[in-house]
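# Observations on the model geometry
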Amino acid sequence: MATSVAAILWNPIDADFINRADNAGWDESMLLPHQMELSLVLNASVLATFVVVVTAIIGVLASRRRPNATQPANPSAIA
């Protein structure tokens, strides 16, 4: 969740820096150091967070569908 909030807050700031540099004839001195890498890392972390959350949800759903190993699958088969 924190990565999503960071991305939501960072993207407008990033766009503003790029627009200012673009309006000044692409004056790279107006950009933050490693501006493009910061954006790339932030977007990659959002993607990685999404993949981890989806994998965790799939794991939880799969574990709930699996019958418990200590109980027989068909209780009437015991009698």
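Read on for a plain summary of the structure. For every chain, the first residue of its written sequence is number 1, and the numbers climb from 1 along that sequence. The predicted origin of the model limits local features to residues at a pLDDT of at least 70 and limits the giving and counting of side-chain atom pairs to 80 or more, whereas totals for whole chains, interfaces and linings rest on all residues. For side-chain calculations, the full set of non-hydrogen atoms in the structure is used, while hydrogens and water are omitted.

### Quick look at the packing of helix α1 (residues 2–23) against helix α2 (residues 35–65)
Two quantities define a packed helix pair, namely the angle between the helix axes and the distance between the axes. The criterion, for reference: The convention used is that axes are lines fitted to C-alpha atoms, helices contributing only their stretch in contact, and that angles between N-to-C directions extend from 0 to 180 degrees. Going along the chain from the N terminus, every DSSP run of H or I of four or more residues is numbered as a helix, and every run of E of two or more is numbered as a strand. Any angle from 65 to 115 degrees is called roughly perpendicular, while one under 35 is roughly parallel, one over 145 is roughly antiparallel, and all others are oblique. Two helices that cross are described as forming a left-handed crossing if the nearer one is turned anticlockwise from the farther one by less than a right angle, and a right-handed crossing if clockwise. By definition, residues are in contact when any of their heavy atoms lie within 4.5 Å.
For the pair α1 and α2, the least separation of the axes is 10 Å and the interaxial angle reads 155°. The orientation of α1 with respect to α2, classified from their angle, is roughly antiparallel. With respect to the hand of their crossing, α1 and α2 are arranged in left-handed fashion. Contact residues: Thr-3, Ala-6, Ala-7, Trp-10, Asn-11, Asp-14, Phe-17 and Ile-18 in α1; Gln-35, Met-36, Leu-38, Ser-39, Leu-42, Asn-43, Ser-45, Val-46 and Thr-49 in α2.

### Section: the pattern of salt bridges
Rules: Any carboxyl oxygen of Asp or Glu within 4 Å of a side-chain nitrogen of Lys or Arg constitutes a salt bridge here.
Tallied over the entire structure, the rule returns 1 salt bridge. Here Asp-16 and Arg-20 are joined by a salt bridge, their closest N and O atoms 3.2 Å apart. Placement of both Asp-16 and Arg-20 in helix α1 is noted, with a separation of 4 residues, approximately one turn of the helix.

### Structural notes on the side chain of Ser-39
Note the threshold: Residue exposure (1.4 Å probe, protein chains only): buried if accessible area is under 20% of the type maximum, exposed if over 50%, otherwise partly exposed. As used in this structure description, the phrase polar contact means that two N or O atoms lie within 3.5 Å; if the pair is within protein, one of them must be able to donate a hydrogen and the other to accept it, and residues adjacent in sequence are counted only when both atoms belong to side chains.
Turning to its location among the elements, Ser-39 is positioned in helix α2. For Ser-39, a relative accessible area of 10% corresponds to the buried category. Polar side-chain contacts of Ser-39 include one of 2.9 Å to the side chain of Asp-14. Setting aside chain neighbours within four positions, we find Ser-39 in contact with Trp-10 and Asp-14.

As far as function goes, none of this settles anything; it's purely spatial.
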